[in-house]
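# Structural overview
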There are 4 protein chains.
Amino acid sequence: MPETQSTPIPPQERIGYAVLGLGELTLEELLPALRSAKYSRIRAFVSDNKDKAVAQALAHGLTERDAYLYEEFEQLEARNDVQAVFIVLPNNQHREYTERAAKMGKHVLCEKPMATTVEDAEAMVSVCHQAGVKLMIAYRCQYTPTHWAARDLIDGGELGPLKLMQSINGQMQDDPSAWRLKLEQAGGGPLPDVGLYCLNTLRFLSGEEPHEVFGYLYKPDGDSRFAEVEEAVSWLMRFPSGLEATCMTSYSTLTTRQLYVLGEKAALEMNPAFAYENLELTVKRERGVEKLSVSQPDQFALELDHFSQCILEDKVPFTPGEEGLQDQRIMAAIYKSAQEGRPIQLEQITKKDAFRGSRPQGH
Amino acid sequence: MPETQSTPIPPQERIGYAVLGLGELTLEELLPALRSAKYSRIRAFVSDNKDKAVAQALAHGLTERDAYLYEEFEQLEARNDVQAVFIVLPNNQHREYTERAAKMGKHVLCEKPMATTVEDAEAMVSVCHQAGVKLMIAYRCQYTPTHWAARDLIDGGELGPLKLMQSINGQMQDDPSAWRLKLEQAGGGPLPDVGLYCLNTLRFLSGEEPHEVFGYLYKPDGDSRFAEVEEAVSWLMRFPSGLEATCMTSYSTLTTRQLYVLGEKAALEMNPAFAYENLELTVKRERGVEKLSVSQPDQFALELDHFSQCILEDKVPFTPGEEGLQDQRIMAAIYKSAQEGRPIQLEQITKKDAFRGSRPQGH
Amino acid sequence: MPETQSTPIPPQERIGYAVLGLGELTLEELLPALRSAKYSRIRAFVSDNKDKAVAQALAHGLTERDAYLYEEFEQLEARNDVQAVFIVLPNNQHREYTERAAKMGKHVLCEKPMATTVEDAEAMVSVCHQAGVKLMIAYRCQYTPTHWAARDLIDGGELGPLKLMQSINGQMQDDPSAWRLKLEQAGGGPLPDVGLYCLNTLRFLSGEEPHEVFGYLYKPDGDSRFAEVEEAVSWLMRFPSGLEATCMTSYSTLTTRQLYVLGEKAALEMNPAFAYENLELTVKRERGVEKLSVSQPDQFALELDHFSQCILEDKVPFTPGEEGLQDQRIMAAIYKSAQEGRPIQLEQITKKDAFRGSRPQGH
Amino acid sequence: MPETQSTPIPPQERIGYAVLGLGELTLEELLPALRSAKYSRIRAFVSDNKDKAVAQALAHGLTERDAYLYEEFEQLEARNDVQAVFIVLPNNQHREYTERAAKMGKHVLCEKPMATTVEDAEAMVSVCHQAGVKLMIAYRCQYTPTHWAARDLIDGGELGPLKLMQSINGQMQDDPSAWRLKLEQAGGGPLPDVGLYCLNTLRFLSGEEPHEVFGYLYKPDGDSRFAEVEEAVSWLMRFPSGLEATCMTSYSTLTTRQLYVLGEKAALEMNPAFAYENLELTVKRERGVEKLSVSQPDQFALELDHFSQCILEDKVPFTPGEEGLQDQRIMAAIYKSAQEGRPIQLEQITKKDAFRGSRPQGH
């Protein structure tokens with residue numbers, strides 16, 4: 001299934017972004033991928049290190065004047081060529097920069113997880129509404145052709161009624177000094193970082209919302225990496241339709257990113273399910289196993305361009321702040337369950353895609 | 001890894017079995033597979049249908065006199081060429097026929113699940129001890145070269161410390177009249193039937209025993225198949241080492257038999273993990289994914305021959321009654337958890353392979 | 001696709017076979033597999049070693065009197081319970097024992113390759129015709145459900161018009177004393193032994209006959225294994241429809257048994273294509289790759305039972321002597337091409353399945 | 001195996017290219033891929049359609065003045081920021097534009113096949129030598145980490161001595177008006193277009209040169225697409241070490257791009273082997289099958305950057321004109337063999353990598 005490579009729109013008509021944060025994700029994944037964006041262009045870099053920001057600006061054909069320190073963030077207000085910000089900062093700074101951007105009338109694309117607390121997530125939704133700017137959570141996996149092919153198979157009835165879902169997202173986090181291991185900055189351990197993909201993608205594929213969760217937290221003694229946050233979480237979810245899901249996430253395993261959706265008639269496997277590239281989608285039926293060919297354009301460009309199109313056409317993004325808030329609520333319930341040793345009820349929601357906005361183009 | 005095809009020992013030196021029950025499992029799987037047994041031979045058939053038993057006797061080169069009705073079971077006492085019985089009856093009859101066989105001094109190979117209650121399982125262990133006969137639960141998956149290759153990889157440290165395990169065993173049960181859907185006969189729904197494979201095989205692979213479980217039961221309204229037993233169970237298990245497991249089983253899905261064991265350095269996937277043939281074992285490492293070639297002799301012949309060898313050499317079977325009893329206790333805890341909506345504690349057991357006997361030959 | 005496990009017909013109604021030759025193939029593959037035969041039973045063993053024959057007779061529930069030396073072969077004439085012979089001898093003995101069996105009125109199932117020369121193959125066809133006995137060449141791969149599923153996909157138009165075919169069958173032959181390395185006994189090296197599978201199975205799948213071949217022979221200096229026969233052969237074949245095929249066979253490689261059939265719309269891969277078990281059939285289409293689930297009963301039992309059914313119902317076997325003769329002619333042309341350094345023409349045959357008899361039951 | 005994402009060198013230090021030809025390959029593959037180049041930048045577009053060239057210039061942040069017609073090509077001589085040209089024109093124009101570029105002192109990166117005749121290829125090598133400019137043939141598959149991983153496995157002895165190689169590259173060409181179907185422009189049908197990948201990649205992986213070839217050409221009657229060029233070619237190659245290879249290429253099949261290299265101890269499969277992305281490399285050993293994880297950066301960027309580095313460091317490219325010339329000679333021999341119905345001898349070359357230059361960085 002070849003992708004139609006339409007010619008990008010001219011640079012000057014694209015939505016201009018300021019990128020906040022020059023960590024590994026930005027440098028290794030985002031920036032290389034964004035070269036293939038068609039509706040978006042980077043116009044400014046914001047960092048706590050001016051030299052690093054200047055280097056990136058020059059490497060992207062910009063000038064020294066397009067590099068800012070965080071304390072200079074408000075200078076962007078005057079930049080009409082910067083309509084939006086892309087927040088790629090530690091989780092606990094998402095709220096502050098969302099508020100500061102909204103105050104300047106800039107639209108906000110925010111990396112997942114949305115925040116470190118339900119309260120922060122609620123505030124972010126609220127402030128953007130009040131400021132009349134758009135807020136989107138950067139859930140890559142709701143924008144790739146492969147994930148949409150999976151969802152379309154389910155929606156089209158190929159699997160029959162869904163019965164069981166299962167997902168694992170684990171990796172090795174072996175740097176004890178990483179901010180992802182600090183509770184205040186990260187808001188948790190592997191759950192909000194990688195486990196969130198299991199949660200969010202299963203919600204996306206089924207369109208359903210869990211009404212009860214039960215979780216186990218694993219926090220080993222004597223491992224300095226896990227002094228503040230958990231090493232692993234395993235959890236169960238029940239959905240109103242009778243669908244059940246088991247998920248696992250860990251910071252102490254071989255990289256594993258898989259999901260499995262099992263219906264009465266067929267099953268669907270994605271493995272890897274959450275990787276930046278080389279996603280694989282397999283359908284299992286009684287007659288055999290089919291691995292589908294789906295085009296795999298750069299994922300970050302797809303989500304960025306969706307947000308740009310929503311800005312250009314004044315639409316609600318497919319994954320607005322409300323979508324991130326719902327995940328935040330479920331994660332809070334999983335943590336509460338693990339702490340109290342009992343299942344936790346969530347609001348019963350039976351509407352499909354209850355928190356999502358307008359469909360990304362092409363899906 | 002080619003299997004050495006040793007010449008079978010002469011028929012007259014082999015352990016003679018009476019097969020109890022001529023259901024689908026016996027006819028479609030057991031009897032064809034047993035043709036490749038090397039230490040075992042079938043000497044008698046016991047059924048509630050004399051014609052059916054006679055037909056099988058003749059097809060196996062035996063005579064009409066080798067066919068018995070259940071009420072004639074005790075006539076086998078006089079048959080010196082029948083040293084053991086293989087019980088392939090509905091679950092709630094396992095105890096009765098174990099007791100009757102033990103009374104005759106016959107060794108007992110009993111299909112899984114061992115029983116429908118913990119009490120029955122305990123009684124079976126006890127009666128066989130007292131009678132001085134051997135009792136083995138027919139856990140196929142503890143006897144195949146593929147499962148042993150998986151266990152050896154784990155034991156050899158190839159995966160690093162184990163962290164997460166996950167398994168699904170689901171299939172479609174669409175005959176509402178099946179005895180497997182009757183609570184009294186089956187002792188439960190998919191959990192004791194197919195979910196037991198997840199539980200038992202994860203215990204075998206890790207050698208560990210869970211100390212806490214939490215389960216969700218799904219029983220849909222208005223589906224006559226699930227008037228007595230559940231449609232699906234999802235459960236979590238925690239192990240003393242910090243290892244966690246999620247499992248799912250269902251009677252309303254495409255056939256799915258998979259397991260996944262994830263360590264710090266590598267992971268191991270079996271898919272199918274519990275099928276009668278064509279098992280696949282894959283090791284996932286950072287450098288790539290390796291599918292191993294392991295010889296796949298007939299599984300039923302392997303377990304039967306192990307029991308015969310234990311009788312010939314007077315050894316404790318690798319999966320004695322105690323092994324089945326432990327599964328029975330864990331399943332009872334899962335049901336209890338689901339009914340009471342809370343996690344259930346189990347006895348803390350830290351000894352490896354706590355309930356297993358002598359290793360099967362060749363492993 | 002589950003196989004229907006019909007109850008075998010009673011032993012006394014089955015076709016009785018005398019097995020000639022107790023080499024590795026007989027002991028490791030044939031005899032274990034034949035336990036699942038439903039229309040056939042073994043009644044006698046013929047060998048150059050009486051002890052070996054007796055041991056097998058006893059292991060199969062027969063008596064000492066069912067073991068014969070080759071010079072006693074004609075004693076089988078009086079055995080009414082032996083209607084057929086299965087010749088599993090070195091290739092150059094196939095003709096002699098076919099002639100001796102035909103003279104006794106016994107039907108002949110002969111291992112492939114049929115013979116070591118075209119002349120011998122012609123004589124075998126002729127003598128069986130004159131004696132009114134059936135002759136079948138034991139081409140396993142024309143009797144498995146997996147190969148028939150592949151053929152049915154082609155016949156059903158799933159691939160569109162066939163364009164290219166490719167096959168490799170290679171393995172390591174490292175015993176310099178093996179009879180397979182003696183030109184007189186084997187009639188050639190890997191070509192008649194394993195390369196024949198490529199040739200025969202591509203002919204079966206397409207139903208077409210090549211009209212021209214070109215081959216390269218590789219015979220290394222100084223390797224005592226290849227003093228008489230070739231190490232490897234690579235050859236091209238052209239078919240009247242425009243279809244082309246490339247094949248390779250070798251005695252100096254990792255075991256490799258694969259074939260690939262490529263059409264306008266789709267392709268079909270079998271890998272392994274010629275193994276005794278765990279055959280894999282994959283269909284490749286633009287939308288993705290599908291691995292089919294096909295039941296895999298014992299292959300040797302299938303071919304043996306087909307021959308028994310042909311005897312019971314007086315039909316021409318699907319792979320009669322003429323089928324083997326055609327392969328013999330093509331192999332002779334490949335050798336001639338390699339020796340003369342030029343392509344060799346074969347008779348133009350446009351009829352589909354030109355040399356095959358009645359379809360095996362169930363296909 | 002993660003790729004180190006080094007920061008690209010600043011735009012003004014990179015080698016500037018003029019791209020000649022705005023066909024599908026340029027628009028769909030080259031230009032999107034080149035966004036990730038680190039040592040190269042596009043400075044000009046040359047086309048027969050000024051509007052198309054201007055549109056691309058603007059889309060790449062250049063101006064109208066960076067768009068040229070072919071007749072304006074020599075205006076590039078004055079552009080010091082354009083040190084090289086990338087020729088992506090119909091095959092029969094490669095020579096002319098190479099000569100014109102060399103005359104201006106511009107280095108030449110030329111798409112494969114190098115030319116439509118051996119004479120043209122020889123002239124191209126010669127003119128670039130005389131002009132003191134570098135000439136490189138754009139053989140993508142000699143620059144990817146996946147192909148180098150395959151070559152390293154072979155070089156490292158993992159497969160043992162190489163014995164057999166096999167490759168297919170086929171696709172559907174259904175536009176009868178395509179220049180690729182015109183003999184004068186293309187120089188042949190699928191052989192120089194896609195079959196060349198089989199030839200070139202097998203030469204690269206083994207490092208060896210064939211000394212004899214035999215080929216079959218297929219040209220159907222009555223198909224207007226194949227009035228001038230062949231539909232398919234199958235060919236055999238023999239190498240001095242005893243290695244043999246079979247290859248097939250076609251313009252009438254499902255897209256198929258595979259290769260297989262078989263040694264004494266192990267085998268290596270690439271499938272797809274020649275695709276622009278998602279290459280798969282599998283090693284087959286007796287103990288099982290291993291699919292390797294190899295990073296997959298943009299292929300076009302890799303080859304372009306290699307040429308830029310050779311210019312910056314004054315080195316001979318890994319695939320200089322001589323490498324393309326050798327393929328041209330072998331293809332001419334294959335065509336000659338098919339026309340004359342006999343094998344064709346080639347010069348005996350035993351030196352490894354006989355025609356290649358300096359290794360690409362990182363390999």
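Computed from a prediction, not measured in an experiment: that's the story for all the values here.

### With respect to the overall build of chain A
From N to C terminus, chain A includes nine helices and 15 strands. A compact globule built from 363 residues would reach a C-alpha radius of gyration of about 21 Å, and chain A, at 20 Å, matches this within 12%. The C-alpha extent of chain A, read off along each of the three principal axes, is 60 × 50 × 40 Å. In chain A, the share of contacts with a sequence separation of at least 24, taken over all contacts with a separation of at least 6, comes to 72%.

### Re the interface of chain C and chain B
Listed as interface residues are 14 residues of chain C and, on the opposing side, 15 residues of chain B. At the level of elements, helix H1 (24–34) and helix H2 (50–59) of chain C are the ones that each hand at least two residues to the side of chain C that touches chain B. Residue contributions to the side of chain C that touches chain B peak at three residues, all from H1 of chain C. Here the residues of the side of chain C that touches chain B sort into seven nonpolar, five polar and two charged.

### Re the relation of the copies chain C and chain B
Expressed as a screw operation, the relation of chain C to chain B combines 0.0 Å of axial shift with a rotation of 180°, fitting to an RMSD of 0.0 Å. Such a turn and shift between the copies fits a two-fold axis. Looking at the interface residues of chain C, 100% of them are also at the interface in chain B, so both copies use one shared face.

### As for the domain arrangement of chain A
All names here are of chain A. Along its sequence, chain A is carved into domain 1 (11–140) and domain 2 (141–295 + 321–345). The interface is formed by 20 residues belonging to domain 1 together with 22 residues belonging to domain 2. Sorting elements by how many residues they give to the side of domain 1 that touches domain 2 places helix H4 (residues 118–131) first, with six residues. Classifying every residue of the side of domain 1 that touches domain 2 by side-chain character gives twelve nonpolar, four polar and four charged.

### Description of the relation of the copies chain A and chain B
Rotating chain A by 180° about the axis while translating it 0.0 Å along that axis superimposes it on chain B, leaving an RMSD of 0.0 Å. A shared binding surface is used by both copies, with 100% of the interface residues of chain A retained as interface residues in chain B.

### Some words on the sheet that holds strand S4 (residues 84–87) of chain B
Sheets are built from strands paired through backbone hydrogen bonds, the pairs being either parallel or antiparallel. Residues and elements named next belong to chain B. An order of S3-S2-S1-S4-S5-S6 is seen for the six strands of this open sheet, with the pairing classed as parallel. Looking at strand neighbours, the two that pair on one side only are strand S3 (67–69) and strand S6 (135–137), the edges of this open sheet. If you compare each strand with its neighbour and ignore which way they point, the axes differ by 25° on average.

### Observations regarding unusual backbone geometry
Cis peptide bonds are those with omega within 30 degrees of zero, and the linkage from Lys112 of chain A to Pro113 of chain A qualifies with -5°. On the secondary structure map, Pro113 of chain A appears in the loop between strand S5 (107–110) and H4. Located in the positive-phi region is Asn278 of chain C, a residue other than glycine, with phi close to 60°. In this fold, Asn278 of chain C is placed in the loop between strand S12 (267–270) and strand S13 (281–285). With a phi close to 50°, Asp353 of chain C is a non-glycine residue in the positive phi region. Here Asp353 of chain C is to be found in the segment after strand S15 (344–345). You can call Asp353 of chain C partly exposed: it has 15 C-beta atoms within 10 Å.

### Digging into the environment of His94 of chain B
Residues and elements named next belong to chain B. Tracing the sequence through the fold places His94 in helix H3 (residues 94–103). C-alpha separation for the pair His94 and Arg342, spaced 248 residues apart in sequence, amounts to 31 Å. Excluding residues within four positions of it along the chain, His94 makes contact with Ile87, Leu89, Cys110, Met114, Ala115 and Met124.

### Digging into the sheet that holds strand S1 (residues 15–20) of chain C
All names here are of chain C. As summarised here, the arrangement of the six strands in space is S3-S2-S1-S4-S5-S6, forming an open sheet in which the pairing is parallel. Looking along the sheet, the strands with just one partner apiece sit at the ends: strand S3 (67–69) and strand S6 (135–137). Strand-to-strand, the axes of this sheet are offset by a mean angle of 25°, without reference to chain direction. Two elements, strand S5 (residues 107–110) and S6, share three bridges in a ladder whose sense is parallel. Counted as the bridge partner of Cys110 is Ile137 from S6. Together, S1, strand S4 (84–87), S5 and S6 form the strand contacts of helix H3 (residues 94–103), whose direction differs from that of S5 by roughly 160°.

### Overview of the environment of Leu196 of chain A
All names here are of chain A. Inspection of the secondary structure assignment puts Leu196 in helix H7 (residues 190–206). The spacing of Leu196 and Arg41 is 155 residues in sequence and 28 Å in space, taken between C-alpha atoms. Not counting residues within four places of it along the chain, the set of residues in contact with Leu196 comprises Lys112, Pro113, Leu191, Asp327 and Met331.

### Side note on the interface of chain A and chain B
Each partner contributes residues to the interface: chain A has 34 residues there, and chain B has 34 residues. Those elements that provide at least two residues to the side of chain A that touches chain B are strand S7 (162–172), strand S8 (212–218), strand S9 (232–238), strand S10 (244–250) and strand S11 (252–263) of chain A. Of the residues assigned to the side of chain A that touches chain B, the class counts are 15 nonpolar, eleven polar and eight charged.

### Focus on helix H1 (residues 24–34) of chain B
Residues and elements named next belong to chain B. The complete set of buried residues in H1 reads Thr26, Leu30, Leu31, Ala33 and Leu34. Projected down its long axis, H1 carries its buried residues within an arc of 160°, all on one side. Elements that come into contact with the buried residues of H1 comprise strand S1 (15–20), strand S2 (40–47) and helix H8 (299–313).

### Some remarks on the pairing of S10 of chain A
Residues and elements named next belong to chain A. Burial of S10 is extensive: seven of the seven residues sit out of reach of the surface. The side-chain alternation of S10 yields two buried faces, one formed by Glu244, Thr246, Met248 and Ser250 and the other by Ala245, Cys247 and Thr249. When S7 meets S10, the two strands line up parallel, connected through seven bridges. For Asn169, the partnering residue across the bridge sits in S10 and is Thr249. Both S9 and S10 contribute to a ladder of seven bridges, which runs antiparallel. Bridging across to S10, Leu236 finds its partner in Thr246.

### What about helix H7 (residues 190–206) of chain D?
All names here are of chain D. For H7, with 17 residues, the first-to-last C-alpha span of 23 Å sits near the 24 Å given by 1.5 Å per residue. In the structure, H7 departs most strongly from a straight axis at Leu196, where the bend amounts to approximately 50°. Taking burial as the measure, the 17 residues of H7 include 17 buried ones, the bulk of the element.

### What about the pairing of strand S8 (residues 212–218) of chain D?
Residue and element names in this part refer to chain D. By the criterion of burial, S8 is predominantly enclosed, with six of the seven residues buried. Sheet analysis places S8 next to strand S9 (residues 232–238), joined by seven bridges and oriented antiparallel. Along S9, the bridge assignment pairs Leu217 with Val233. When S8 meets strand S15 (residues 344–345), the two strands line up antiparallel, connected through two bridges. Bridge pairing in S15 links Glu212 to Gln345.

### Points about the packing of H4 of chain A against helix H9 (residues 321–340) of chain A
All names here are of chain A. Put simply, H4 and H9 touch, their axes get as near as 9 Å, and they point 170° apart. Our classification of the angle between H4 and H9 gives roughly antiparallel. Packed against H4, whose contacting residues are Val118, Ala121, Glu122, Met124, Val125 and Cys128, the element H9 presents Gly321, Glu322, Gly324, Leu325, Gln328, Arg329 and Ala332 at the interface. Tallied by class, the residues present in the contact of H4 with H9 amount to seven nonpolar, three polar and three charged.

### Things to note about the packing of H1 of chain B against H8 of chain B
What describes two packed helices is the angle between their axes and the distance between those same axes. All names here are of chain B. The N-to-C vectors of H1 and H8 enclose an angle of 65°; their axes lie 7 Å apart at closest approach. Judged on the interaxial angle alone, H8 and H1 are roughly perpendicular. Here H1 runs over H8; the crossing is right-handed. Of H8, the residues touching H1 (which contributes Glu29, Leu30, Ala33 and Leu34) are Gln299, Phe300, Ala301 and Leu304. Partitioning the contact of H1 with H8 into residue classes produces six nonpolar, one polar and one charged.

Here is what the cut-offs are and how they apply
- Residues numbered from 1 in each chain as written.
- Chains lettered and ligands numbered in written order.
- Predicted model: local features only at pLDDT ≥ 70, side-chain atom pairs only at ≥ 80, totals over all residues.
- Helix = DSSP H or I, 4+ residues; strand = E, 2+ residues; numbered from the N terminus.
- Rg over C-alpha atoms; globule rule 2.2 N^0.38 Å.
- Contact = placed C-beta atoms within 7 Å.
- Nonpolar A, V, L, I, M, F, W, Y, C, P; charged D, E, K, R; others polar.
- Least-squares fit on C-alpha atoms with pLDDT ≥ 70 in both.
- Domains from an automatic or database assignment.
- Pairing = 2+ DSSP bridges.
- Axes fitted to C-alpha atoms, helices over the stretch in contact; angles between N-to-C directions.
- Buried ≥ 20, exposed ≤ 12 C-beta atoms within 10 Å, placed from the backbone.
- Arc of directions from axis to C-beta.
- Expected span 1.5 Å × (residues − 1).
- Bend = angle between axes of the 7 residues up to and from the residue.
- Parallel < 35°, antiparallel > 145°, perpendicular 65-115°, else oblique.
- Left-handed = near helix turned anticlockwise from the far one by under 90°.

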